[in-house]
Amino acid sequence: MSLRHLLKQVALALAVLVIVSPVVLFFLWMLSLSIKYEIDNAAYPPVLIPERFAWKNYLDVLESNRFSTYFLNSLIVTGSATALALLVGVPAGYGIARMRAAKAAVVILVARITPGLSYLIPLFLLFQWLGLLGTLWPQIIIHLVVTVPIVIWIMIGYFETTPLELEEAAFIDGASRWQVFRHVALPIAKPGIAVSTILAVIFSWNNFVFGIVLAGRETRTLPVAVYNMISFDQLSWGPLAAAALIVTLPVLVLTVFAQRQIVAGLTAGAVKGG
């Protein structure tokens, strides 16, 4: 091994350490807060590993009267927003890629990078006029503002990298455009669809701003429920950290189990230009 190659490896390891270490540190500190009693959380100097573990912090969150309601709300909103985004985004990405509609791709890019807050006030007024505030529909619809551009942009990049020979052969055999899309393009695009699904789920599940404005008392999602645990007169760090970790767990598990699909989609060009 040459000295230059060794220096490159060391530099890469240091760069990864600098980038990853803050995230790992914050996660470990959140985990520490979640398993400590309040007296340990308020101790100085801070205690990382307590002598007694306060597992009741997790039990208090899970046994909360409204936790199951908020969890179900998050599942409905995220699942619906992701499913609708895939239903619209995958065919749209295929059509834009095959028609080489550069202007349409630019519009999708603009929609992708535009902050969601730009749509919030007009849509809030619209939902208020329609009488939908306090239901789950406003959150599902406004989450599409985030999920649809993500799915379309990823699928455009993925379909642009897939070979056209199979589709041309299917056309020669008499297949229609819909049949080619369904039986040829979709099976090849599975890694890209997996990446789109995972990213749409992550962005929708973690969304906080839309929920805090549009959700009612019975339609809050988990991120909003965690925020409502913060009060000025009393703040319990243990249950708050436990709730935050519980909110993060589904997305973390999904990412771990789908990491092969993520890598396959990324290496196949699913995020080309992204």
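Rules used in this analysis
- Within each chain, residue numbers correspond to sequence positions counted from 1 in written order.
- For a predicted model such as this one, the threshold for reporting local features is a pLDDT of at least 70, and the threshold for listing and counting side-chain atom pairs is 80 or more; totals across whole chains, interfaces and linings nevertheless cover every residue.
- Hydrogen atoms and water are omitted, and side-chain values are computed over all heavy atoms in the structure.
- The way it works is that DSSP assigns letters per residue, a run of H or I at least four long becomes a helix, a run of E at least two long becomes a strand, and they are numbered from the N terminus.
- Burial here depends on accessible area, computed with a 1.4 Å probe over protein chains only, as a share of the maximum for the residue type. Under 20% is buried, over 50% is exposed, and the range in between is partly exposed.
- Residue exposure ignores everything except the shown protein chains as possible cover, and the areas themselves are Shrake-Rupley values with a 1.4 Å probe.
- Classification of ring pairs rests on two measures: the distance between centres of Phe, Tyr or Trp rings, Trp counted by its six-membered ring, which must be within 6.5 Å, and the angle between planes, read as stacked under 30 degrees, edge-to-face over 60 and tilted in between.
- Charge-over-ring contacts are defined here by two conditions on Lys NZ or Arg CZ: a distance within 6 Å of the ring centre and an angle within 35 degrees of the ring normal.
- When checking whether two residues touch, look at their non-hydrogen atoms; a contact exists if any pair is within 4.5 Å.
- UniProt positions are given in the numbering used here, feature names are shortened, and annotations may be inferred rather than shown by experiment.
- For helices, the fitted line uses only the C-alpha atoms of the stretch in contact; every axis is such a line through C-alpha atoms, and the angle between N-to-C directions lies from 0 to 180 degrees.
- Roughly parallel here means an angle under 35 degrees, roughly antiparallel means over 145, roughly perpendicular means 65 to 115, and every remaining angle is called oblique.
- Expected helix span is taken as 1.5 Å per residue step, with the number of steps being one fewer than the number of residues.
- The predictor's confidence in any single residue is recorded as pLDDT, a number from 0 to 100.

### Focus on the overall build of the protein chain
Each helix and strand in the protein chain was counted, giving 14 helices and zero strands. Each helix and strand of the protein chain, ordered N terminal to C terminal, gives the series α-α-α-α-α-α-α-α-α-α-α-α-α-α. When its C-alpha atoms are laid out on the principal axes, the protein chain stretches across 75 × 70 × 30 Å. Classification of the 274 residues of the protein chain by burial places 35% in the buried group. For the protein chain, the exposed surface amounts to about 16400 Å²; the carbon and sulfur share of it is 71%.

### Focus: the packing of aromatic side chains
Under the definition given, this model contains six aromatic pairs. Between Trp178 and Phe181, the ring centres sit 5.7 Å apart and the planes meet at 40 degrees, which makes this aromatic pair tilted. Highlighted residues: Trp178 and Phe181, both in helix H9 (residues 177–188), separated by three residues, approximately one helical turn. Taking the relative accessible area as the measure of exposure, Trp178 reaches 55% and is therefore exposed. The rings of Tyr94, Phe159, Trp178 and Phe181 are connected pair by pair, giving a single aromatic cluster. Geometry around Trp29 places Lys36 over its ring, the cationic atom sitting 4.8 Å from the centre.

### Some points on the environment of Arg66
Residue position: Arg66 is located in the loop between helix H3 (56–62) and helix H4 (67–99). A sequence separation of 151 residues divides Arg66 from Arg217, and the C-alpha atoms of the two residues are 9.8 Å apart. With sequence-adjacent residues up to four places away left out, Arg66 is seen in contact with Arg217 and Glu218.

### Describing the side chain of Ser204
Within the secondary structure, Ser204 is located in helix H10 (residues 190–205). Under the relative-accessibility criterion, Ser204 is labelled buried at 3%. Ser204 has contacts with Val77, Thr78, Ala81, His143 and Thr147, leaving out every residue within four places of it along the chain.

### Quick word on the UniProt feature "transmembrane region" (unreviewed entry) in the protein chain
Within this numbering scheme, the UniProt entry marks residues 12–31, 70–94, 106–130, 136–159, 192–215 and 235–257 as carrying the feature "transmembrane region" (unreviewed entry). For residues 192–215, helix accounts for 83% and strand for 0%, while the C-alpha atoms at its two ends are 32 Å apart.

### Observations regarding the packing of H10 against helix H13 (residues 237–257)
Geometry of a packed helix pair, given as the angle between the helix axes and the separation of the axes. It is at 11 Å that the axes of H10 and H13 come closest, and there the two elements cross at 175 degrees. On the basis of the axis angle, H10 is roughly antiparallel to H13. Along the contact surface, H10 presents Val201, Ile202 and Trp205, while H13 presents Val247, Pro250, Val251, Leu254 and Thr255.

### Focus: H4
The end-to-end C-alpha distance of H4 is 47 Å, a good match for the 48 Å that 33 residues give at a rise of 1.5 Å each. Arg100, located one to two residues past H4, shows a positive phi value of around 50 degrees.

### Describing the side chain of Thr82
Within the element layout of this structure, Thr82 appears in helix H4. Leave out the neighbours within four places in its chain, and Thr82 touches Thr197, Ala200 and Val201.

### Side note on the confidence of the model for the protein chain
Here the protein chain averages 79 in pLDDT, and 91% of its residues register 70 or above. Here helix H14 (residues 259–267) stands out as the least confident element of the protein chain, with mean pLDDT 61; H4 is the most confident, with 89. With pLDDT under 50 throughout, residues 268–274 is counted as low confidence; its partners more than four residues away or in other chains account for 18 contacts.

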